[in-house]
Structures are given as C-alpha cells and as structure tokens.
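These are the residues of each chain, in order.
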Amino acid sequence: MVVLVVIVLVRDGRQEVAPAPPVETPRASPAEAARALAAFVEAVQQRDAPAMERLAPSELPAARELLSGIAANARSLDLTAVSARYVDQVDTVSSDGSWTGVAELTWQLRGFDDEPARSDVAVLFAPDSEGLGIAGFEAFAEEGGRLPLWLRGRLSVARADDVLVMADGPANVAEAATDRAVRGIDVVRRALPDWSSPVVVEIPDSARSLDETLGAEPGTYAGIAAVTAPAGRASDVDGPVHVFVNPDVSDGLRRMGAQVVMSHELVHVATDAVRRPVEPWLLEGFADYVALRGTRLPDRVTLGRAIEAARRDGVPEALPTAADFDPRARNLQARYEEAWLACRIIAERVGERALIEVYGAATRRDDLERALNGAGFGLGDLTATWRDELRVRVRRQ
C-alpha cells in the first residue's frame, strides 16, 4: 500500500501544494514467512539452537530465549515429522512491520506417537535486519487451533520404560508424574492385562495454558484435574492421544488422589476411549472402577460428593448423561462418583469380568442395554439398584 503525503509550501505569500515522495507502509510477505518457517523446521530437525536463535528478531531477547528452548525440546523429546506450512495472514500489519500468520504444523514424538499430530498455529512474525524473524507462537483461536506444549519454551522431560512426561515447570514435576504413570500402568494392567502401549503425559504451567494447549475456551478445564485428548486436531482420527494434567487442580490433591487421577486417565488411553465413545456414565465409571480397584477407601471418601448432592437435590432419576460430564457442569465430581457406583454395582452383582465384557461390547458400538442383559443385569434393574444404594448411603451419613 502506498500513502501520498501532501506538503504545503509558501512562496511570495502564496500557498503551493506539492506532493511529497510516497511513503511505503509495511506489508506482509507470504514468501518471507514461508522462508522463516522453513528455516524454523530445519533448525528443529537439526536440533540446532544457534540457528533457531538467529530466527529471533535482534531487539526481542525473549523470542531468542523461547526459540532456544524449543530447540532444546526438539532434542529432549526427540521430535520428528515436523513441518510448518504457511497458510494465511491474520489481521493487519502493525506500524513496526510485525504481523501474525497461520501455519499448519505437524509433529511427532519418536517411539511414542504412531502418527503425527497436526494443528493450525498462529505465528508472530517481526522484521529484522536479516529479513523476517519469528517472535513467538499462539493458539489460533478462530479455528480451535492448539498451541503444542513444546512451542511454549524449554520444558522439563522425564522418561521411564514406555512413559514420556513433558512439563512446563521444574524437573521434579515431570519426575513425579512419571512415577505416577508407571504405577498407573500397573494398576490398569491388573484389570486389562492385554494392554500395552506407550504413554505421553503433558503438564502445562496452569489451567489457562491447558485450555490453550487443547484449543478450548478459557475456563473449560479449570475444574478438571486431567483429561485424555488428541495431541492435535480432534478431527484427525489417527492422530496421537496424550494425557494432559491441570496443575492448578492436581497440585492440590493428596498423593493417593493424584495417583487415582492418573490411573483413571490411563484407563482411557488403554481402552482408546477418545476414539471409541461409549455411554458417558460407563466411560467415566469404568475408568474410576479400575483406578480405585484395590484402594479400599471408605464410601465417605469415594461417594462423599454424590451423597451430599443426593441429600441436597434428591436421588437422581437416571444415570449421569453426557451433559452431566461437561467440564464446567455443576456437581461434576458427584456425577463421577455416581458413575463409579453404577460400575461397582455391576462388578459386585455379576462379576468384574462381566463388567469388563460390558465395557468392551460398548466400545464395539454394541447396544449397551443388550450387553447388560447378556451379563444378567438389565439397565432398568441397574438403575433401580443404583438409586436404592444412593438412598441407603444418604440415610447412613
């Protein structure tokens, strides 16, 4: 874009108008952006910190530190299949020549992800003496894009057997989560001995960062301790699935509580719950059943919120629905406890193996009521028994 500046001259008492030389306003250059992204990908692939740092505009030391951290992450995570394709410009160019573009990003964790993850990421470009530099990255909110944790700066990384943990925090955070994941794998295999697959755990520095990492509206996961979700676009059916931890909630849990949360999420990983949706109460109740199996916690602990909700609002008429498990739903923890109670009832009445078979049938998209009937405990009977159990516990407490 060219702007004409008009200059007024005064000669012999008369005003004359003369155009000044045109002033060129900053414009976005897709070609330069593509070159910067290509250099970024090359630096990631080569684990080349100096080359990565040279991409930062010289007057932005924070960008240099960020990019240096990303190069370190590429080494510690053993990133592969990294690509970044320029897609489009976002908004206008600032007066200093900086602007935002969207890039389609792919990445993969060698030895842990079977396929690459992908997401649209907002890239902050800024001019430099040597061309267009990269000043940072953001989640591209318009398309529900995700900002991968490894693009946030240097991470702490810990490994053990088939577990990889990355944390935006000190090393002890990643190490503690690794220990919980190893113990959680053992918990899950006691009920599901045939499961064997690598586990990746990601720990942002806050609930706000977790929302950005998952491309969610702010506040979505504020009350959730952890969630199992695709690492990239939810629409990529073959993309990797990771466990994401919310430190704002999990850091306040006692040791056993934090372990139950991790084991619960690993049940979702083991059963491929993200790709095989089942009835919500069975999905969450089964994960809690496996995670709590053998803990011998009293009902006042495992059902405390459900009892409180039933005393206040009355015993529910039906088992929890999908709406009840919305991360921002009222009485969310009570709904989880109610779902766990339903699964425990099945295991107690017709056997743990029958519960596992019912869950397996549900993941194969078989009719849930038919699966329950086949186990000898129909949905109507289950619901009635479940409501009776809640009433009894309300009277006892």
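In this report, the structure presented in the accompanying data block is examined.

**Side note on helix H1 (residues 30-46)**
- Helix length check: H1, at 17 residues, gives a terminal C-alpha distance of 24 Å against a target of 24 Å (1.5 Å per residue), a fit within 8%.
- For H1, every residue scored as buried is listed here: Ala 33, Ala 36, Leu 37, Phe 40, Val 41, Ala 43 and Val 44. Buried residues along H1 cover an arc of 160 degrees about the axis, so they all sit on one side. In H1, those exposed residues whose orientation departs by more than 90 degrees from the buried face are Arg 35 and Gln 46.
- Considering only its buried residues, H1 is in contact with helix H2 (49-54), helix H3 (61-77), strand E5 (79-90), strand E6 (99-109), strand E7 (117-128) and strand E8 (131-139).
- Looking one or two places after H1, you find Arg 47, whose phi comes out positive at around 55 degrees.

**Observations regarding the packing of helix H8 (residues 280-292) against helix H11 (residues 332-350)**
- Two elements in contact, H8 and H11, have axes separated by 7 Å at closest approach and are oriented at 75 degrees. Classified by the interaxial angle, the pair formed by H8 and H11 is roughly perpendicular. Within the contact between the two elements, H8 uses Trp 281, Leu 282, Glu 284, Gly 285, Phe 286, Asp 288, Tyr 289 and Leu 292 and H11 uses Tyr 336, Ala 339, Trp 340, Ala 342, Cys 343, Arg 344, Ile 346 and Ala 347.
- Residues that form the contact of H8 with H11 fall into these classes: twelve nonpolar, one polar and three charged.

**What about the packing of helix H10 (residues 304-313) against helix H14 (residues 379-396)?**
- Between H10 and H14, the shortest axis-to-axis distance is 9 Å and the interhelical angle comes to 90 degrees. On the basis of the axis angle, H10 is roughly perpendicular to H14. Counting all contacts with H10, which are made through Ala 306, Ile 307, Ala 310 and Arg 311, the residues of H14 involved are Leu 390, Arg 393 and Val 394.
- Residue composition of the contact of H10 with H14, grouped by class: five nonpolar, no polar and two charged.

**What to know about the pairing of strand E11 (residues 199-203)**
- Along E11, five of the five residues are buried, which leaves the element largely enclosed by surrounding structure.
- Pairing of strand E10 (residues 163-167) with E11 involves five bridges; the strand directions are parallel. Bridge pairing in E11 places Leu 164 opposite Val 200.
- A crossover connection joins E10 to the parallel E11 through helix H4 (residues 171-191); in handedness this β-α-β unit is left-handed.
- Bridge count for E11 against strand E13 (residues 241-245) is two bridges, and the pairing is parallel.

The rules behind the values
Residues numbered from 1 in each chain as written. Predicted model: local features only at pLDDT ≥ 70, side-chain atom pairs only at ≥ 80, totals over all residues. Heavy atoms only, no water. Helix = DSSP H or I, 4+ residues; strand = E, 2+ residues; numbered from the N terminus. Expected span 1.5 Å × (residues − 1). Buried < 20%, exposed > 50% of the residue type's maximum accessible area, 1.4 Å probe, protein only. Arc of directions from axis to C-beta. Contact = heavy atoms within 4.5 Å. Axes fitted to C-alpha atoms, helices over the stretch in contact; angles between N-to-C directions. Parallel < 35°, antiparallel > 145°, perpendicular 65-115°, else oblique. Nonpolar A, V, L, I, M, F, W, Y, C, P; charged D, E, K, R; others polar. Pairing = 2+ DSSP bridges. Right-handed = clockwise from strand over helix to strand, strands pointing away.

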